[in-house]
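Summary of structural features
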Amino acid sequence: MKKKRVLVIDDEQIVLDSVRKVLAQEDYEVEGTLSGGRGLEWGIQKEYDVVLTDIRMPDIGGMLVLRDIKRAKPSLPVIIITGYANVQSAVQAMKLGAADYIEKPFTPDQLFKAVEGAIESASKGSPEAQELVHKEEMLRVLERAGTDSDFVYKLLHRWADALEEYHLTGPEKLALLTGDIEWIEKYTGPLTPKQRKWLERPMSAEMLRSFGW
Amino acid sequence: MRDSFLQKCSRILNTTRSRLVASFVVITLLVGIPPLIIEGSFVASFFVLLAGMVLAALVASVLAGRIVNPLSRLIHASQEVSEGHLSIDVGPIVSCEIGLLQTHFLRMVDVIRRQLMDAEDRLLHSETQASIGRLAAGVAHEINNPLTGVLAYTHMLLRRKDLSDEVRSDLETIAQATERIKKIVRGLLDFSRETKLNPQPTDLNSIALLSIPLMRNQALVKGVDVKFNPARHLPMLTLDRSQFQGVLLNILMNAVDATEPGGWITVSTGLSESPDHLARKGVVIAIEDTGCGIPTENMDKLFEPFFTTKEIGQGTGLGLSVSLGIVQRHGGTITVKSEVGKGSTFTVWLPVEIQS
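Note that the structure is predicted; figures quoted are calculated from it, not measured. Every chain begins its residue count from 1, and numbering advances along the sequence as written. Numbering of ligands from 1 and lettering of chains from A proceed in the order in which they are written. Per-residue local features are limited, in this predicted model, to residues with pLDDT of at least 70; the limit for side-chain atom pairs, both in listing and counting, is 80 or more; totals at the level of whole chains, interfaces and linings are taken over all residues.

**Considerations on the overall build of chain A**
We apply this condition: Only DSSP runs of H or I reaching four residues or more are called helices, and only runs of E reaching two or more are called strands; each is numbered from the N terminus. For the purpose of contact definition, each residue receives a C-beta atom placed from its backbone, and two residues are in contact when these atoms lie within 7 Å.
When you go through chain A residue by residue, the secondary structure sums to 11 helices and 5 strands. Long-range contacts, defined as pairs at least 24 residues apart, comprise 65% of the intrachain contacts of chain A with a sequence gap of at least 6.

**As for the overall build of chain B**
Along its length, chain B carries 9 helices and 7 strands. Look at the contacts in chain B between residues 6 or more apart in sequence, and 67% of them connect residues 24 or more apart.

**Quick look at the environment of Thr-308 of chain B**
Tracing the backbone through its elements, the reader meets Thr-308 of chain B in the loop between helix 8 (296-299) and helix 9 (319-329). For the pair Thr-308 of chain B and Gly-319 of chain B, spaced 11 residues apart in sequence, the C-alpha separation works out to 9.4 Å.

**Overview of the sheet that holds strand 3 (residues 50-54) of chain A**
Residue and element names in this part refer to chain A. This is how the line gets drawn: For two strands to be treated as a pair, DSSP must find at least two bridges joining them. To get an axis, fit a line to the C-alpha atoms, keeping to the stretch in contact for a helix; angles then go from 0 to 180 degrees between the N-to-C directions.
As summarised here, the arrangement of the 5 strands in space is 2-1-3-4-5, forming an open sheet in which the pairing is parallel. Pairing within the sheet leaves two strands with one partner each, and these edge strands are strand 2 (28-33) and strand 5 (100-103). Strand-to-strand twist in this sheet, taken as the mean axis angle between neighbours without regard to direction, amounts to 20°. Bridge analysis of strand 3 against strand 4 (residues 78-82) gives 4 bridges, and the strand direction is parallel. Bridge pairing in strand 4 links Leu-52 to Ile-79. Contacts from helix 1 (residues 13-25) reach strand 1 (4-9), strand 2, strand 3 and strand 4 within the one sheet, and its direction differs from that of strand 2 by about 175°. Across the sheet, helix 3 (residues 62-72) lies against strand 1, strand 3 and strand 4, angled at about 160° from strand 3, the strand it touches most.

**Section: the sheet that holds strand 6 (residues 333-339) of chain B**
Two modes of strand pairing occur in sheets, parallel and antiparallel, and in both the strands are linked by backbone hydrogen bonds. Residues and elements named next belong to chain B. Here 5 strands make up an open sheet; going across it, the order is 2-4-5-7-6 and the pairing mixed. On the outer flanks of this sheet lie strand 2 (225-229) and strand 6, each paired with one strand and no other. In this sheet, adjacent strand axes meet at a mean angle of 15° when their direction is disregarded. Relative to strand 7 (residues 343-351), strand 6 runs antiparallel, the two being bridged by 7 bridges. Residue pairing across strands places Ser-338 opposite Ser-344, the latter belonging to strand 7. Where helix 7 (residues 241-258) meets the sheet, its contacts fall on strand 4 (264-273), strand 5 (281-289) and strand 7, and the angle it forms with strand 5 comes to roughly 25°.

**Things to note about the interface of chain A and chain B**
Note the threshold: Put simply, Ala, Val, Leu, Ile, Met, Phe, Trp, Tyr, Cys and Pro go in the nonpolar bin, Asp, Glu, Lys and Arg in the charged bin, and everything else, Gly too, in the polar bin.
Listed by partner, the interface residues are 16 residues for chain A and 17 residues for chain B. Per element, the largest residue contribution to the side of chain A that touches chain B is 7 residues, and it comes from helix 1 of chain A. Among the residues forming the side of chain A that touches chain B, the class breakdown is 8 nonpolar, 4 polar and 4 charged.

**Remarks on the packing of helix 6 (residues 135-147) of chain A against helix 9 (residues 181-188) of chain A**
All names here are of chain A. Stated formally: Between 65 and 115 degrees an angle is taken as roughly perpendicular, under 35 as roughly parallel, over 145 as roughly antiparallel, and anywhere else as oblique. The crossing is said to be left-handed when, going from far helix to near helix, the turn is anticlockwise and less than a right angle, and right-handed when the turn is clockwise.
Their axes nearest at 10 Å, the elements helix 6 and helix 9 cross at an angle of 130°. One way to sum up the angle between helix 6 and helix 9 is to call them oblique. With respect to the hand of their crossing, helix 6 and helix 9 are arranged in left-handed fashion. Listed contacts from helix 9 to Lys-135, Met-138 and Leu-139 of helix 6 are Ile-184, Tyr-187 and Thr-188. Taken together, the residues of the contact of helix 6 with helix 9 sort by class into 4 nonpolar, 1 polar and 1 charged.

**Some points on helix 10 (residues 193-200) of chain A**
Residue and element names in this part refer to chain A. Heads up, the condition is: Three classes are used. A residue is buried when 20 or more other C-beta atoms lie within 10 Å of its own, exposed when 12 or fewer do, and partly exposed in between, with C-beta atoms placed from the backbone. By arc we mean the arc of the directions from the helix axis to the C-beta atoms, nothing more.
Buried within helix 10 are the following residues: Gln-195, Trp-198 and Leu-199. For helix 10, the angular spread of the buried residues around the axis is 100°, confining them to a single face. Where helix 10 is buried, its residues contact helix 6, helix 7 (149-158) and helix 9.

**Details of the pairing of strand 3 of chain A**
All names here are of chain A. With 5 of 5 residues buried, strand 3 is to be regarded as a mostly interior element. Burial along strand 3 is two-sided: the residues Val-50, Leu-52 and Asp-54 and Val-51 and Thr-53 are all buried. Note: strand 1 against strand 3, 4 bridges, orientation parallel. Across the sheet, residue Val-8 finds its bridge partner in strand 3, namely Leu-52.

**Some points on the nonpolar core**
Threshold: Residues of type Ala, Val, Leu, Ile, Met, Phe, Trp, Tyr and Cys that are buried and joined through C-beta atoms within 7 Å form what is called a nonpolar core. Residue ranges assigned to the domains are those given by an automatic or database domain assignment.
Ranked by internal contacts, the top residues of the largest apolar core, which has 60 residues, are Val-6, Val-19, Leu-52, Ile-79 and Ala-98 of chain A. Counting residues domain by domain, this core receives three or more from each of domain 1 (4-124) and domain 2 (135-210) of chain A. Setting aside anything within four residues of it in sequence, one finds Val-6 of chain A in contact with Leu-23, Tyr-28, Glu-29, Val-30, Tyr-48, Asp-49, Val-50, Leu-52 and Val-115 of chain A. Judged by nonpolar contacts, the second largest core, of 28 residues, contains Leu-204, Val-267, Phe-346 and Trp-349 of chain B.

**Notes on unusual backbone geometry**
Residues and elements named next belong to chain A. The omega torsion of the bond from Lys-104 to Pro-105 falls at -10°, within 30 degrees of zero and hence cis. In this model, Asp-27 sits at a positive phi of 70°, which is unusual for a non-glycine residue. Position of Asp-27 among the secondary structure elements: in the loop between helix 1 and strand 2. Take Asp-27: there are 10 C-beta atoms within 10 Å of it, and that puts it in the exposed class.

**A word on the environment of Ile-33 of chain B**
By the element assignment, Ile-33 of chain B lies in helix 2 (residues 16-39). In sequence terms Ile-33 of chain B and Leu-49 of chain B are 16 residues apart; their C-alpha atoms lie 7.4 Å from each other.

**Comments concerning helix 6 (residues 204-222) of chain B**
Residue and element names in this part refer to chain B. Basically, it comes down to this: One less than the number of residues in a helix, times 1.5 Å, gives the span that helix is expected to have. A residue's bend is the angle separating two fitted axes: one through the seven residues that end there, the other through the seven that start there.
Along its 19 residues, helix 6 runs 27 Å from first to last C-alpha, staying within 8% of the 27 Å computed at 1.5 Å per residue. Helix geometry: helix 6 is bent most strongly at Met-215, by close to 40°. Within the sequence span of helix 6, burial applies to Leu-204, Ile-207, Ala-208, Ser-211 and Ala-219. Of the surrounding secondary structure, the elements contacted by the buried residues of helix 6 are strand 1 (199-202), strand 2, strand 3 (237-240), helix 7, strand 4 and strand 5. Gly-223 sits one or two residues past helix 6 and shows a positive phi near 90°.

**Topic: the packing of helix 2 (residues 36-45) of chain A against helix 3 of chain A**
Residue and element names in this part refer to chain A. The geometry of helix 2 relative to helix 3 is characterised by a closest axis approach of 9 Å and an angle of 15° between their N-to-C directions. By the criterion of interaxial angle, the relationship of helix 2 to helix 3 is roughly parallel. Classified by chirality, the crossing of helix 3 by helix 2 is right-handed. Every residue of helix 3 that contacts helix 2 at Gly-36, Gly-39, Leu-40, Gly-43 and Ile-44 is listed here: Val-65, Asp-68, Ile-69 and Ala-72. Residue composition of the contact of helix 2 with helix 3, grouped by class: 5 nonpolar, 3 polar and 1 charged.

Here it is, written out as structure tokens:
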């Protein structure tokens, strides 16, 4: 049977080594990198069965890795590696398209369960559409975020939970929350200044920081 | 524009002292000059004038000492205080009403100084707490990464088939110790992540009535009786109800753990002044038990994070330190009285006005 290929992205060498040590025993081929940027590149250009990525990384945070890898390869499962303090953000990431999360420090059994589970679900299920389908809904959310400061507060502090009441797919919510104007305008056409307000918010960066990305 | 004579006089005579002296000089002149005119005797008038001026000088100096000087010093001191300089000198205390004014003024400045020091202390304490929290969170986060390595590699070693029983057992010891570190780090992260206060108007008695039933069964099972003596009319406080309930439960559960079957726990509420020197108005809830008591050497470590006398695995020792944090964020305090073999009393004091 062909070895399953795993990509690990984490800015700590010891974490890369631990994942490799554990998975190598069960016949996985593991490639690791300390750089979020390089990890994103490899994830898009090379062939993997699963990607594990940390959330907090100096160059590109795990959320952006998740977003861009899923766009390129919708059926490739992405697992978030997180410290205990950031479990909240990992849970949010799952609402935005991550396959699972695993908490550091983990036992080998925990790692196997997460990796095997993710690969199996990916092979069975149908991947989420990576296009913007719910255009009106998206615009409605952007309009509201342009004027309703309570809603903006919820978006900043609760992320995906703030968008629960809206019919948006994981990729759509992710684009909204990561302020991806380009991608959205590709489908909706040019946005009005009010609609752009949330997306252009410099706070998007702060949000990434405050949620531990 | 040339000043009129009156304006010139006003400028020269611009203090109380000079005005007093000038008035008395004028009066003695008025008193002294008529005899000169009427009697025609220059000498007689001269002595009357002299006597008058001496009298005027005496009166003026007494008034200056008792009224004018203290008043001008008080005025000066008020200016100093309003500029933030609290070490003032009002001069010797005089014996009339002005002396009362001086005494009260000094007392007032003393109160201001003490309140300022208290506020500074509290600010320093909360800043230290905040930075300790951040430090704890930072350290905990850093520890997780190398800990990942230790746990993962130890487990991988344990999977090997070529281990002697002794090596396997030693590795298991390491794995268990690592799991314990993981729990401690989690506890530290929980501790340093203070949850937001959600204050609501609350009656202390009703929180006690909600909390006590939650532990009464456990107490009864152990054979410990729980009594509640609420005060009749307690003022409403502004508290985060669920966090405060947590504080009460924490102290109550500690009391249950400390008390042997046949013993009892008494919860009482009442009005009280703050235990510090400021004697602020407040409310207390006291939890008294007839348990084993707390040894003197443990008393000042009680509220330290991770301090516990329980067995390994039985609690992390974070309860009291988190509880103290919550009470302090409401502006309150926790005091402990205890005697080994007799029991302990934990008293939570909360201010009637919330201070955050």
